[in-house]
Amino acid sequence: MSKYLTTLALIITLVWSMAYATTVSAGPLPQDPRPSDEGGGSGNDGDKGGGGSSDDTDAATTGCAVLEGEMIHWGVGAMAGIGSKLSTGSWEADTTSSSNGAYSFGGLGTGIATLQVVLPPAVDDSLDPLIQNAGVYLNCDYKTIANIAVHSGSRVDPPATLEMSGPSALSPGAEIPIKLTVKNNLPNDITNVVVTSLMPAGLTATQVEAAAIAAENLKIINGGDDGQLVAAYLDTIPSGAERNVFITVKAADDQPNSSQIRQTATLFYRESAADQAWLDFTIGTTGEPAPAAPVVEPASITPTLAIAVEAMVVTTTPEPTPAATAGPTPDPTSEPTAEVESEDDFVPPNGLPETGDTEPEVVAEPPPDMLPVTGQIGLMAQIETFLPLAGVSLTVLILFIYGVRSIRRTDL
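Criteria and cut-off values
- Residues numbered from 1 in each chain as written.
- Predicted model: local features only at pLDDT ≥ 70, side-chain atom pairs only at ≥ 80, totals over all residues.
- Heavy atoms only, no water.
- Helix = DSSP H or I, 4+ residues; strand = E, 2+ residues; numbered from the N terminus.
- Buried < 20%, exposed > 50% of the residue type's maximum accessible area, 1.4 Å probe, protein only.
- Contact = heavy atoms within 4.5 Å.
- Areas by Shrake-Rupley, 256 points an atom, 1.4 Å probe, with all protein chains shown as cover.
- Salt bridge = Lys/Arg side-chain N within 4 Å of Asp/Glu carboxyl O.
- Disulfide = S-S within 2.5 Å.
- Pairing = 2+ DSSP bridges.
- Polar contact = N/O pair within 3.5 Å; in protein donor to acceptor, adjacent residues only side chain to side chain.

Asks: Any chance you could explain the overall build of the protein chain here in plain terms?
Replies: Helix and strand counts for the protein chain come out as four helices and 22 strands. Looking at the protein chain as a whole, 38% of its 412 residues are labelled buried. Long-range contacts, defined as pairs at least 24 residues apart, comprise 71% of the intrachain contacts of the protein chain with a sequence gap of at least 6. Of the roughly 22400 Å² of accessible surface on the protein chain, 56% is carried by carbon and sulfur atoms.

What follows is the structure, given as structure tokens:
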């Protein structure tokens, strides 16, 4: 009888130990506490991850105030070692193009700034940048792609160009319209198209308009001591098409007669090199252009502004001015030249930057039951861990006692 009871106890102990061990193994393993989310968060342009204020701030900083592009030696390709400086009256940041010509600025805060090209001493006398002292609008709505070409000899025309036209004389306190024309001569669309104009001292922008462009994409930004900037985001322009932007400007009342003012505008886009145009004004009433030429603008543009522009542009033989043709990079110490390389002579460089197209992969959060358990292992968890071992030990002890008793019975 004792033999059967011992065997039954052994079987019950083994079954209980195996079943409990299986249950314990199936539970989640104890782990260290989960790290906090403070100071980190997922997100990209337009998407904010997480739920805390730190996450929102990080995502906003990542997508705002971005300027990037490529330095290009015209007709050769990407060029390393070309410096660029972005500055205002209170701060400045600089960088140098890498081996593939790329450079970038980011996370600088919103507002207006001036972009300058800094050539190394070895090439300063032999190369000229196609744009210089360009106004930039740092914002959270879109990035600025500033591909900058340097060239030797006569100025070249990039495949997308900017032209600027308007009267050559401006009376103190009077308002006049300025016309900016963007032309896309590439066989494909141009994207990330931005036109800016940093107002010179003595000149103020009072209005900006463009056909089929939303009002929120046409801005006049007052930067205080940093001046005033007009920024027009045109997005995409198809191959062979052109877009017009009209800026109404006003000369200060205290401008001295016969003084000179130069207004400069810059075209930025993704597919090739940025372009620049400028217009020189003489303050005074002499040489006022005569009315001419009917309006040729589409009906969608504001009629009053379009008529004013066309009426103030001279159609008879005007005095020579560098405003009608693209000249050399604006430089207060030199006069623009009308010499332009033939359209058949230049070859747009390939391999231009396509920065900003790839969005970072968003990794999904694991299910709640897969997250680590916060806290330490308690006394009950330690007892539960010990029980399977105790069961096995008890089984071995029972088998040992049963074996000893069997041997003793045999001896008797």
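Asks: Even after reading the chapter, I still don't get the pattern of salt bridges, so can you show me in this structure?
Replies: Pairing between side chains of opposite charge can happen when the charged atoms of each approach one another. Using the criterion set out here, one finds five salt bridges in the structure. In this structure, the salt-bridge partner of Glu 68 is Lys 143, at a minimum N-O distance of 3.2 Å. Residue Glu 68 is located in strand β3 (residues 67-73), and its partner Lys 143 is located in the loop between β10 (134-138) and β11 (144-145); the two are separated by 75 residues in the primary sequence. Here the two residues Glu 68 and Lys 143 agree in accessibility, since each one is buried. We note a salt bridge from Arg 155 to Asp 275, for which the minimum N-O separation is 3.0 Å. Remark: Asp 275 occurs in strand β22 (residues 275-283) and Arg 155 occurs in the loop between β12 (148-151) and β13 (160-165); sequence separation between them is 120 residues. Residue Arg 155 is classed as buried on the basis of its relative accessible area, which comes to 4%. Judged by its relative accessible area of 1%, Asp 275 is buried.

Asks: Would you explain the state of the cysteines in this entry?
Replies: Among covalent bonds in proteins, the disulfide is the one between the sulfur atoms of two cysteines. Taken as a whole and judged by the stated rule, the model has one disulfide. Two residues share a disulfide in this structure: Cys 64 and Cys 140, whose sulfurs sit 1.7 Å from each other. Measuring the twist about the S-S bond at about 115°, one finds the Cys 64-Cys 140 disulfide to be right-handed. Here Cys 64 is found in the loop between α2 (53-63) and β3, whereas its partner Cys 140 is found in the loop between β10 and β11, with 76 residues between them in sequence. For Cys 64, a relative accessible area of 11% puts it in the buried group.

Asks: What is the right way to look at the sheet that holds strand β19 (residues 228-237) in this model?
Replies: Strand pairing within a sheet occurs via backbone hydrogen bonds; the two strands may be parallel or antiparallel. The sheet built from six strands is open, its strands ordered β14-β22-β21-β16-β19-β18 with mixed pairing. Each edge of the open sheet is held by one strand with a lone partner, namely β14 (169-170) and β18 (218-222). With five bridges joining them, strand β16 (residues 190-198) and strand β21 (residues 260-268) adopt antiparallel strand pairing. Along β21, the bridge assignment pairs Val 194 with Phe 268.

Asks: Honestly, the environment of Tyr 137 in this entry has me stumped. Any pointers?
Replies: Residue position: Tyr 137 is located in strand β10. Along the chain, Tyr 137 and Ala 65 lie 72 residues apart, while their C-alpha atoms are 8.1 Å from each other. Here Tyr 137 is in contact with Gly 111, Tyr 142, Thr 144, Lys 219, Ile 221, Leu 229 and Ala 231, once residues within four sequence places are set aside.

Asks: Looking at this model, I keep getting lost on the environment of Pro 159. Mind explaining?
Replies: With respect to the helices and strands, the residue Pro 159 is situated in the loop between β12 and β13. Distance from Pro 159 to Asn 184, taken between C-alpha atoms, is 6.7 Å for residues 25 residues apart in sequence.

Asks: Got a minute to help me understand unusual backbone geometry in this structure?
Replies: Excluding glycine, residues mostly carry a negative phi; peptide bonds, for their part, are mostly trans. Backbone geometry at Ala 65 places phi at a positive 55°, although glycine is not the residue there. With respect to the helices and strands, Ala 65 occurs in the loop between α2 and β3. Positive phi outside glycine occurs at Asp 235, with the angle close to 65°. Mapped onto the elements of the fold, Asp 235 is located in strand β19.

Asks: So what exactly am I meant to see when it comes to the side chain of His 151 here?
Replies: Examined against the element boundaries, His 151 turns out to sit in strand β12. Exposure remark for His 151: the relative accessible area of 5% places this residue in the buried category. Here Ser 154 takes part through its backbone oxygen, which lies 3.3 Å from a polar atom of the side chain of His 151. The contacts of His 151, once residues within four sequence positions are left out, are Trp 74, Ser 126, Leu 127, Asp 128, Pro 129, Leu 130 and Val 156.

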